[in-house]
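Working through the structure, step by step
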Amino acid sequence: MEQTQTTKMQLQTHRIQTEQGRLYAQSWAWQPERAAFDVPIILFHDSLGCIPLWRDFPANLALATGHPVIAYDRLGFGRSDPHPGRLSADFIADEIRQTLPHVLDAFGIVRFIACGHSVGGAMAVQAAFRFGNACLALITMGAQVFVEELTLNGIRLAKQDFSDPQNLSKLHKYHAEKSRWVVDAWTDTWLSREFSDWNVRQELARIRCPKLAIHGDADPYGSVEHASAIAANDGRAEILSGIGHVPYREDEAQTLEMIKTFISGIR
C-alpha cells in the first residue's frame with residue numbers, strides 16, 4: 001500500500017490479489033483502523049472506465065458526504081492485471097460474486113454503500129442484492145439495468161469509432177496495451193445474442209436498502225426508464241435535464257448534492 005497526503009485528504013493506493021490476477025485500487029480518507037466502524041462508498045466504473053477517469057469525483061464525494069471512498073480497476077482495465085480471456089454474458093453478476101469479496105476482505109469492510117456508473121450501476125445493483133444488509137444503500141449514475149435499442153445503437157456507433165486506430169489510441173493513456181481488449185469486451189459482449197435478454201429486474205425487486213438513481217434525460221446510452229426501474233418500490237429517481245451519460249462529470253455539483261442529501265437521510 002502506498003500513501004500520499006494531499007491538501008484535501010489522504011489518498012492511498014492498494015494492490016489486491018485475486019485468483020485471476022491483481023487489482024489496482026485507491027482509497028480516499030480511508031483509515032484501516034476504523035474499518036469496522038466506517039462505511040465506505042465503493043465505486044464501480046463503466047465499460048471503458050478506470051480510476052483516473054473518475055477524475056476528482058471520488059475525493060469530492062468523500063469531502064461532500066464524510067464517507068471514505070474506494071475505487072478499483074476491474075481486471076483487464078486501467079492498472080489492474082490483464083483479463084485472462086473473454087467476458088462471459090454473466091460478467092456483471094460474476095464481478096460481484098467473484099471479485100468484490102476480495103475487495104471487501106482486503107479492506108476489512110463490514111458494511112458499504114454501492115455506487116456505480118453505467119454498467120457499474122448494474123454491478124452496484126448486484127452488490128446490493130447479493131450482500132443484503134451489508135450494503136446500506138445503492139446509488140447509480142447513468143446506469144443500464146436491461147438491454148434496449150438506444151443502448152445498442154450507441155454501442156454500435158462506438159464500435160465503429162474505435163475501429164479507427166487513432167480513436168483507439170486515446171484509450172492507451174488509461175489502459176495501455178489492454179485498450180483493444182477493453183473496447184471489444186464492451187462492444188462484443190453487449191451486442192452478442194447471449195446478452196440480448198440480460199436484465200437485473202429480479203434483483204432490483206429483492207433489494208431492501210435505500211436506492212438513488214441519477215440519470216440524464218439526454219443520455220445516449222440509456223433512457224430514463226432505467227432510473228425508473230431502479231427507483232421502483234420506494235427508491236428515488238433524479239432526472240437531470242440536458243445531461244448525458246456522465247452526470248458526475250457533466251454536473252458534478254448537482255450530482256454530489258443529490259448523493260449528499262440522499263446519504264444524510266439514511267444515517
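None of these values were measured; they are calculated from a predicted model.

1. So, the overall build of the chain
- Scanning the chain for helices and strands turns up 11 helices and nine strands.
- By the compact-globule yardstick of 18 Å for 267 residues, the chain fits well, its C-alpha radius of gyration being 17 Å.
- Structurally, the chain occupies a C-alpha span of about 45 × 40 × 30 Å along its principal axes.
- Burial statistics for the chain: of 267 residues in total, 56% are counted as buried.
- Seen as two clouds, the 26 positive and the 31 negative side-chain charges of the chain have centres 3 Å apart.

2. A short note on the pattern of salt bridges
- Scanning the entire structure with this criterion turns up seven salt bridges.
- Arg34 serves as the salt-bridge partner of Asp38, at 3.0 Å between the closest nitrogen and oxygen.
- Taking the relative accessible area as the measure of exposure, Asp38 reaches 15% and is therefore buried.
- Through salt bridges that share partners, Asp90, Asp94 and Arg97 make up one connected network.

3. Observations concerning the pairing of strand β2 (residues 10–17)
- Of the pairings in the sheet, the one linking β2 to strand β3 (residues 22–28) comprises seven bridges and is antiparallel in character. Residue pairing across strands places His14 opposite Ala25, the latter belonging to β3.
- Here β2 folds back onto β3 in antiparallel fashion, the turn holding four residues, of which Gly21 has a positive phi close to 155°.

4. Let's talk about unusual backbone geometry
- Positive phi, close to 55°, is recorded for Arg55, a residue that is not glycine.
- One can find Arg55 in the loop between β4 (41–44) and α1 (57–65).
- Phi angles above zero are rare outside glycine, and Asp234 is one such case at about 80°.
- Topologically, Asp234 is positioned in the loop between α9 (225–231) and β9 (236–240).

5. Some remarks on the packing of aromatic side chains
- Counted according to the given criterion, the structure contains 12 aromatic pairs.
- Among the aromatic residues, those joined into a ring-pair cluster are Phe91, Trp190, Phe195 and Trp198.
- Lying across the ring of Phe77, Arg74 places its NZ or CZ 4.7 Å from the centre.
- Across from the ring centre of Phe146, 4.5 Å away, lies the NZ or CZ of Arg201, which sits over that ring.

6. Re helix α2 (residues 91–107)
- Compared with an ideal rise of 1.5 Å per residue, which puts 17 residues at 24 Å, α2 spans 23 Å between its outermost C-alpha atoms and is within 8% of the ideal.
- For α2, the principal kink sits at Thr99 and spans about 40°; a proline, Pro101, occurs within the next four residues.
- Counted residue by residue, α2 has 12 buried out of 17 residues, so it is predominantly covered.
- The complete set of buried residues in α2 reads Phe91, Ile92, Ala93, Asp94, Glu95, Ile96, Thr99, Leu100, His102, Val103, Leu104 and Phe107.

7. A look at the nonpolar core
- Ranked by internal contacts, the top residues of the largest apolar core, which has 55 residues, are Phe44, Leu100, Phe112 and Trp190.
- Every residue in contact with Trp190, bar those within four places of it in the chain, is listed here: Ser47, Phe91, Val119, Gln144, Phe146, Val147, Thr151, Leu152, Ile155, Phe195 and Trp198.
- Among the nonpolar cores identified, the runner-up in size contains 31 residues, and Met9, Val39, Ala59 and Leu61 belong to it.

8. Focus on the environment of Ala137
- When you line up the elements, Ala137 lands in strand β7 (residues 135–141).
- A sequence separation of 23 residues divides Ala137 from Ala114, and the C-alpha atoms of the two residues are 6.4 Å apart.
- Beyond its immediate stretch of four places on either side in the chain, Ala137 contacts Phe112, Ile113, Ala114, Cys209, Pro210, Phe262 and Ile266.

Calculation rules
- Residues numbered from 1 in each chain as written.
- Predicted model: local features only at pLDDT ≥ 70, side-chain atom pairs only at ≥ 80, totals over all residues.
- Heavy atoms only, no water.
- Helix = DSSP H or I, 4+ residues; strand = E, 2+ residues; numbered from the N terminus.
- Rg over C-alpha atoms; globule rule 2.2 N^0.38 Å.
- Buried < 20%, exposed > 50% of the residue type's maximum accessible area, 1.4 Å probe, protein only.
- Lys, Arg positive; Asp, Glu negative; His and termini not counted.
- Charge placed at Lys NZ, Arg CZ, Asp CG, Glu CD.
- Salt bridge = Lys/Arg side-chain N within 4 Å of Asp/Glu carboxyl O.
- Pairing = 2+ DSSP bridges.
- Phe/Tyr/Trp six-rings, centres within 6.5 Å; stacked < 30°, edge-to-face > 60°.
- Lys NZ or Arg CZ within 6 Å of the ring centre and 35° of its normal.
- Expected span 1.5 Å × (residues − 1).
- Bend = angle between axes of the 7 residues up to and from the residue.
- Core = buried A, V, L, I, M, F, W, Y, C linked by side-chain atoms within 4.5 Å.
- Contact = heavy atoms within 4.5 Å.

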